[in-house]
Amino acid sequence: MNRLVVGTEVIVIRGNDKGKRGKVAKLLADKGRVVVEGVNTVKRHLKATPQRGGGILQVEAPLPVLACHAGRSLIRQADSRSREDRW
């Protein structure tokens with residue numbers, strides 16, 4: 001069962017952006033990827049055309065679905081202290 005839908009708040013559990021939160025902006029179900037707002041940003045270099053100017057844009061790249069978690073327990077656990085600190 002896929003619990004991720006557009007607008008769901010998720011936390012990244014793997015990769016360079018581990019621990020960051022964001023809302024799901026787009027689902028790529030056929031590729032098993034998800035685009036999260038403000039996470040996994042990359043720079044795209046665009047060549048100038050007559051319709052638009054060129055430049056460098058910063059956009060969000062897709063993440064694997066397995067790198068995101070939407071469960072409340074994990075988000076709550078990330079906010080609190082680690083298990084060792086509580087004992």
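Placed above this text is the structure.
In this text, all values refer to a predicted model and were calculated from it rather than measured experimentally.

Enquirer: Honestly, the overall build of the protein in this entry has me stumped. Any pointers?
Expert: Counting its secondary structure elements, the protein contains 2 helices and 7 strands. Its helices and strands taken in sequence order, the protein reads β-β-β-β-β-β-β-α-α from the N to the C terminus. Of all 87 residues assigned to the protein, the portion counted as buried reaches 21%. Pairs at least 24 residues apart make up 39% of the contacts formed inside the protein by residues separated by at least 6 positions.

Enquirer: Quick question: what am I supposed to make of the environment of L4 here?
Expert: Along the chain, L4 turns up in the segment before β1 (9-12). Beyond its immediate sequence surroundings of up to four residues, L4 is in contact with V10, L27, V65 and A70.

Enquirer: Got a minute to help me understand the pairing of strand β2 (residues 21-28) in this structure?
Expert: One face of the sheet, then the other: side chains in a regular strand alternate in exactly this way. Inspection of the sheet shows β1 paired to β2 by 3 bridges, in the antiparallel sense. What sits directly across from V10, in β2, is G22. The pairing of β2 with strand β3 (residues 33-36) spans 4 bridges and is classified as antiparallel. When the sheet's bridge partners are listed, L28 is paired in β3 with R33. Counting the residues between successive antiparallel strands, the hairpin from β2 to β3 contains 4 residues, one of them, G32, with a positive phi of roughly 70°.

Enquirer: What am I meant to see in the pattern of salt bridges here?
Expert: Pairing of side chains with opposite charge becomes possible as their charged atoms draw close. Taken as a whole and judged by the stated rule, the model has 2 salt bridges. Between R21 and E9 there is a salt bridge, with the nearest N and O atoms lying 3.8 Å from each other. One end of the pair, R21, is in strand β2; the other, E9, is in strand β1, and 12 residues separate them in sequence. One salt bridge in this structure joins K20 and D17, with 3.2 Å as the shortest N-O distance. A relative accessible area of 40% places K20 in the partly exposed class.

Conventions and cut-offs
Within each chain, residues carry numbers counting from 1 in the order of the written sequence. For a predicted model such as this one, the threshold for reporting local features is a pLDDT of at least 70, and the threshold for listing and counting side-chain atom pairs is 80 or more; totals across whole chains, interfaces and linings nevertheless cover every residue. Calculated side-chain values reflect all of the structure's heavy atoms, with hydrogen atoms and water omitted. What counts as a helix is a DSSP run of H or I of at least four residues, what counts as a strand is a run of E of at least two, and both are numbered from the N terminus. Only protein chains enter the accessibility calculation, which uses a 1.4 Å probe. A residue is then buried if its area is under 20% of the maximum for its type, exposed if over 50%, and partly exposed in between. The contact rule is simple, with two residues in contact once any of their heavy atoms fall within 4.5 Å. Paired strands, as defined in this entry, are two strands with at least two bridges between them according to DSSP. The rule for a salt bridge is simple: a side-chain nitrogen of Lys or Arg has to be within 4 Å of a carboxyl oxygen of Asp or Glu.

Function-wise, these values are silent; they only describe arrangement.
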